[in-house]
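Coordinate analysis (summary)
Here are the chains, one letter per residue:
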Amino acid sequence: MPTDLGTFRVVTFAQSFHWMDRPLVARRVRDMLAPDGAWVHVGANTHQGVADDETLPYPRPPWRQIDDLVASYLGPVRRAGQGWLPAGTPGGEEEIMRQAGFTGPTRIEVAGGTVTERGVDEIVSAVFSLSSSAPHLFAERLPAFEADLRRLLSAATRDGRFAERRRAVAVVIWRP
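Residues numbered from 1 in each chain as written. Predicted model: local features only at pLDDT ≥ 70, side-chain atom pairs only at ≥ 80, totals over all residues. Heavy atoms only, no water.

**Some words on the pairing of strand E1 (residues 8-14)**
Condition: Here, a strand pair is defined by DSSP locating no fewer than two bridges between the strands. Helix and strand labels come from DSSP, where a helix needs a run of H or I of at least four residues and a strand needs a run of E of at least two; each type is numbered from the N terminus. Crossover handedness is defined here as right-handed if the route from the first strand over the helix to the second strand goes clockwise, with the strands pointing away from the viewer.
Inspection of the sheet shows E1 paired to strand E2 (residues 33-43) by 6 bridges, in the parallel sense. Each residue of the ladder has a partner; that of Phe8, found in E2, is Leu33. Handedness of the crossover joining E1 and E2 through helix H1 (residues 22-32): right-handed.

This is the structure in structure tokens:
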């Protein structure tokens, strides 16, 4: 991350900070922020809705079976980028931010709960948007995986539609 990008009032991160050299990025961003600036970290698990007992207009996507299908192609240890995440993504963000000189945080939760409907193509896109099942991980097996995924989804719904209740989105604000 270049140090000469300028001074900013707001810097935002979403589902990315955990992939970086977090202490280095936090220090550099802290130095780039104006005294009244803010680091805004948006946290959301938007590819998958809330599992609840409510009646929905369409079936929920079969996420457990999708995870099993991914594991059958890529193995049981979660993949990410060119590596693996046997223990999941790293934690400790608050300590890293404090060590970099930030204060806070202020937390805001944007309520979920709205029912959203998606088709097979949208669920396939959601699966491929994840670092643990990004297209490059399947290499030459990508066409076979996508065909199997589409068969699984087609068998899980009679009309090609799924429904889920959206998850909440967390916004965490840090100040220099």
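**Brief notes about the packing of helix H2 (residues 63-74) against helix H6 (residues 142-156)**
Cut-off, in case you're wondering: Axes here refer to lines fitted to C-alpha atoms; in helices the fit is confined to the stretch in contact. Angles between the N-to-C directions go from 0 to 180 degrees. Small angles under 35 degrees read as roughly parallel and large ones over 145 as roughly antiparallel, with 65 to 115 read as roughly perpendicular and the rest as oblique. Each crossing is labelled by how the near helix is turned from the far one, with a counterclockwise turn of less than a right angle marking it left-handed and a clockwise turn marking it right-handed. In this description, contact between two residues means that some pair of their heavy atoms is separated by no more than 4.5 Å.
The interhelical angle for the contact between H2 and H6, taken along N-to-C directions, is 160 degrees, at an axis separation of 11 Å. When the interaxial angle is binned, H2 and H6 end up roughly antiparallel. Viewed along their axes, H2 and H6 form a crossing whose handedness is right-handed. For the pair H2 and H6, contact is made by Gln65, Ile66, Leu69, Val70 and Tyr73 and by Ala144, Phe145, Asp148, Leu149, Leu152 and Leu153, respectively.

**Quick notes on the nonpolar core**
Rules: Nonpolar cores were defined as sets of buried Ala, Val, Leu, Ile, Met, Phe, Trp, Tyr and Cys residues, with membership established by side-chain atoms within 4.5 Å. Three labels apply to residues, based on accessible area from a 1.4 Å probe with only protein chains included: buried if under 20% of the type maximum, exposed if over 50%, partly exposed otherwise in between.
Ranked by internal contacts, the top residues of the largest apolar core, which has 18 residues, are Ile66, Val127, Phe145, Leu149 and Leu153. With residues near it in sequence (within four places) discarded, Leu153 still touches Pro62, Ile66, Val120, Ile123, Val124 and Phe162. With 14 residues, the next largest nonpolar core counts Phe13, Val25, Phe102 and Trp174 among its residues.

**Comments concerning unusual backbone geometry**
Geometrically, the link from Gly104 to Pro105 is a cis peptide bond, its omega value of 10 degrees lying close to zero. Mapped onto the secondary structure, Pro105 falls in strand E5 (residues 103-110). A positive phi angle is found at Ala139, which is not glycine, with a value near 50 degrees. One can find Ala139 in the loop between helix H5 (135-138) and H6. Its relative accessible area of 46% is what places Ala139 among the partly exposed residues.

**A look at the side chain of Glu164**
So the rule is basically this: Side-chain atoms alone can form a polar contact between residues adjacent in sequence; in general such a contact is a pair of N or O atoms within 3.5 Å, and within protein one must be able to donate a hydrogen while the other accepts it.
Here Glu164 is to be found in strand E7 (residues 161-165). In terms of polar contacts, Glu164 uses its side chain to reach the side chain of Trp63, at 2.8 Å. One polar contact links Glu164 to Arg118, side chain to side chain, over a distance of 2.7 Å. When sequence neighbours within four positions are dropped, the list of residues in contact with Glu164 reads His47, Gln48, Gly49, Leu56, Arg60, Pro61, Trp63, Thr114, Val115, Thr116 and Arg118.

**Overview of the environment of Ala156**
Tracing the backbone through its elements, the reader meets Ala156 in helix H6. Between the alpha carbons of Ala156 and Pro62 there is a distance of 7.0 Å; along the sequence they are 94 residues apart. For Ala156, the contacting residues outside a window of four places in its chain are Pro59, Pro62 and Phe162.

**Quick word on the sheet that holds E5**
Sheet architecture is open: 4 strands sit in the order E1-E2-E8-E5, paired in mixed fashion. At either margin of the open sheet sits one strand with a lone partner, and together these are E1 and E5. Direction aside, neighbouring strands of the sheet carry axes that sit 20 degrees apart on average. Sheet topology note: the E5/strand E8 (residues 169-175) ladder contains 6 bridges and is antiparallel. Bridging across to E8, Arg107 finds its partner in Val172. With respect to the sheet, H1 is in contact with E1 and E2, its orientation differing from that of E2 by roughly 135 degrees.

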